[in-house]
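Descriptive analysis of the structure
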Amino acid sequence: MGLVTTTEMFKKAYDGGYAIGAFNVNNMEIVQGITEAAGELNAPLILQVSAGARKYAQHSYLVKLVEAALIENDIPIALHLDHGADFDICKSCIDGGFTSVMIDGSKYPFDENIELTKKVVEYAHDKGVVVEAELGQLSGIEDDVNVSAENASYTQPDQVEEFVGRTGVDSLAIAIGTSHGAFKFKPGQKPMLRFDILEEVSKRLPGFPIVLHGSSSVSKKYVDIIQAHGGNLADAIGIPEEMLRQAARSAVCKINIDSDLRLALTAGIREVMWEHPEKFDPREYLKVGRAYVKEVVEHKIKEVLGCEGKAAEMSK
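Summary of the structure given here. (Residues numbered from 1 in each chain as written. Predicted model: local features only at pLDDT ≥ 70, side-chain atom pairs only at ≥ 80, totals over all residues. Heavy atoms only, no water.)

Observations regarding the sheet that holds strand S10 (residues 252-257)
The 8 strands lie next to each other as S1-S2-S3-S4-S5-S8-S9-S10, forming a closed barrel whose pairing is parallel. Sheet twist, expressed as the average angle between the axes of neighbouring strands with direction ignored, equals 25°. Of the strand pairs in this sheet, strand S5 (residues 130-135) and strand S8 (residues 171-174) are connected by 4 bridges, and their pairing is parallel. In the strand pairing of S8, Glu132 is matched with Ser171. (Pairing = 2+ DSSP bridges. Helix = DSSP H or I, 4+ residues; strand = E, 2+ residues; numbered from the N terminus. Axes fitted to C-alpha atoms, helices over the stretch in contact; angles between N-to-C directions.)

So this is what it looks like as structure tokens:
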């Protein structure tokens with residue numbers, strides 16, 4: 001099976017009350033861990049690449065890694081650009097084999113966001129590629145995205161109909177309280193998502209796929225492993241998984257996960273290098289990190305996203 005767009009994935013997810021996992025990839029081990037988990041659980045999958053990942057691993061390497069994953073796993077996979085900053089990077093990914101791109105114009109005024117998004121949509125749709133956009137801004141840091149808490153803003157539901165109508169975008173990322181990175185909340189602060197905003201957006205855009213960015217839960221297991229082996233992540237706090245599952249049962253069709261994968265890979269590497277300081281073969285410590293990445297994705301698919309076995313629903 002070749003790469004697919006997210007169109008059918010999102011329709012099935014919306015109607016079925018589950019979400020598709022959009023997992024960020026940076027290297028071979030992360031791609032393998034994610035796709036092995038999804039393949040064994042027969043789950044549809046979105047592999048997404050940030051601007052930082054393209055700088056680190058290069059576009060062609062990442063595309064070929066995903067193509068290799070398609071050979072090894074008979075599941076629907078979409079290749080998505082995460083947080084495209086401008087038209088040029090979106091065009092590069094569209095022309096370079098991606099089946100989905102995100103244009104992130106959320107930092108611009110409303111009309112400028114519409115103008116930029118519409119330009120990307122028109123180019124992408126002409127090439128058979130789908131587009132995600134964003135209204136509202138999440139706080140936190142992820143690669144080239146850096147938004148302070150003061151500059152973060154919730155999505156305004158009264159803007160979504162006009163935005164989607166004028167741009168022709170295929171899915172919409174909204175800001176309801178999630179954030180990028182592993183330090184989403186301060187110690188003692190109660191995590192909270194604005195489900196009232198999600199509900200209002202859903203009413204205004206019936207049947208339309210909604211996306212949640214910044215949705216890592218920062219598992220205590222991997223934080224503890226990192227802490228026990230020389231790390232310093234004591235105050236890392238993520239989004240409670242029960243909140244994400246609630247979102248997946250509604251209009252949210254795509255949930256983005258990045259930090260949880262980084263934590264898992266780092267936990268495996270630190271564990272081996274701390275306990276076996278004599279080891280210097282990268283395969284020894286990356287193998288454990290890859291296994292933890294796979295473990296994270298298996299858990300997300302089963303317990304959070306609800307998409308286990310859903311690949312069978314997709315057209316082949």
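On we go.
Some points on the pattern of salt bridges
Taken as a whole, this structure holds 20 salt bridges when the rule is applied. With its nearest N and O atoms 3.3 Å apart, the salt bridge here joins Asp111 to Arg166. Here Asp111 is found in helix H6 (residues 110-126), whereas its partner Arg166 is found in helix H7 (residues 157-167), with 55 residues between them in sequence. A relative accessible area of 48% places Asp111 in the partly exposed class. One salt bridge in this structure joins Arg283 and Asp281, with 2.9 Å as the shortest N-O distance. The class for Arg283 is exposed, based on a relative accessible area of 64%. (Salt bridge = Lys/Arg side-chain N within 4 Å of Asp/Glu carboxyl O. Buried < 20%, exposed > 50% of the residue type's maximum accessible area, 1.4 Å probe, protein only.)

As for H6
Relative to the 24 Å expected for 17 residues at 1.5 Å per residue, H6 spans 24 Å between its end C-alpha atoms, a close match to the ideal helical length. Regarding H6, the residues found buried are Phe110, Asn113, Ile114, Leu116, Thr117, Val120, Val121 and Ala124. Buried positions along H6 lie against helix H5 (87-95), strand S4 (100-103), S5 and H7. Positive phi shows up at Gly128, right after H6, with a value of about 80°. (Expected span 1.5 Å × (residues − 1). Contact = heavy atoms within 4.5 Å.)

A few points about the pairing of S4
Across the two faces of S4 the burial is the same, with Ser100 and Met102 and Val101 and Ile103 all buried. One ladder, built from 3 bridges, connects strand S3 (residues 77-84) with S4; its direction is parallel. When the bridges of S4 are listed, Gly84 appears paired with Ile103. Once the chain exits S3 it traverses H5 before rejoining the sheet at S4, and the crossover so formed is right-handed. Two strands pair when backbone bridges link them, and S4 and S5 are joined in this way by 3 bridges, in the parallel orientation. Along S5, the bridge assignment pairs Met102 with Glu132. With H6 bridging S4 and the parallel S5, this β-α-β connection has right-handed handedness. (Right-handed = clockwise from strand over helix to strand, strands pointing away.)

Brief notes about the environment of Asp281
Along the chain, Asp281 turns up in the loop between helix H11 (259-275) and helix H12 (282-305). Distance in space between the C-alpha atoms of Asp281 and Glu40 is 28 Å, their sequence separation being 241 residues. Among the polar contacts listed, one links the side chain of Asp281 to the backbone nitrogen of Arg283, at a separation of 2.9 Å. (Polar contact = N/O pair within 3.5 Å; in protein donor to acceptor, adjacent residues only side chain to side chain.)

Remarks on the nonpolar core
Grouped together as the largest cluster of nonpolar side chains are 99 residues, with contacts concentrated most on Ile34, Leu172, Ile210 and Leu261. Looking at this core, the element that brings in the most residues is H12, giving 7 residues. Beyond its immediate sequence surroundings of up to four residues, Ile34 is in contact with Phe23, Asn24, Val25, Leu45, Leu47, Leu261, Val293 and Val297. (Core = buried A, V, L, I, M, F, W, Y, C linked by side-chain atoms within 4.5 Å.)

What to know about the side chain of Ser215
The residue Ser215 is located in the loop between strand S9 (210-212) and helix H9 (220-228) in this model. Of note is the side chain of Ser215, whose polar atom sits 3.2 Å from the backbone oxygen of His213.

Some words on the packing of aromatic side chains
With the rule as written, the count across this model stands at 3 aromatic pairs. With a centroid separation of 6.2 Å and 45° between ring planes, the pair formed by Phe110 and Phe163 is classed as tilted. Of the two residues, Phe110 sits in helix H6 while Phe163 sits in helix H7, which places them 53 residues apart along the sequence. Accessibility classification places Phe110 together with Phe163 in one group, the buried group. In this structure, Lys119 packs its charged tip against the face of Phe87, placed 4.5 Å from the ring centre. Cation over ring: Arg194 sits above Tyr154, and NZ or CZ is 5.0 Å from the ring centre. (Phe/Tyr/Trp six-rings, centres within 6.5 Å; stacked < 30°, edge-to-face > 60°. Lys NZ or Arg CZ within 6 Å of the ring centre and 35° of its normal.)

Concerning unusual backbone geometry
Not every positive phi belongs to a glycine, and Asn42 is a case in point at roughly 55°. The topology assignment puts Asn42 in the loop between helix H2 (28-41) and strand S2 (45-49). In the Ramachandran plot, Val218 falls in the positive-phi region, its phi being about 55° despite a non-glycine side chain. Its location among the elements puts Val218 in the loop between S9 and H9.

Some points on the pairing of strand S1 (residues 20-24)
Across the 5 residues that make up S1, a large majority, 5, are buried. Judged by which residues are buried, S1 turns out to be covered on both faces: Ile20, Ala22 and Asn24 on one side and Gly21 and Phe23 on the other are all buried. As paired strands, S1 and S10 are joined by 4 bridges and run parallel to one another. For Gly21, the partnering residue across the bridge sits in S10 and is Ile255. Sheet analysis places S1 next to S2, joined by 3 bridges and oriented parallel. Directly across from Ala22, in S2, lies its bridge partner Ile46. One crossover worth recording links S1 to the parallel S2 by way of H2, and it is right-handed.

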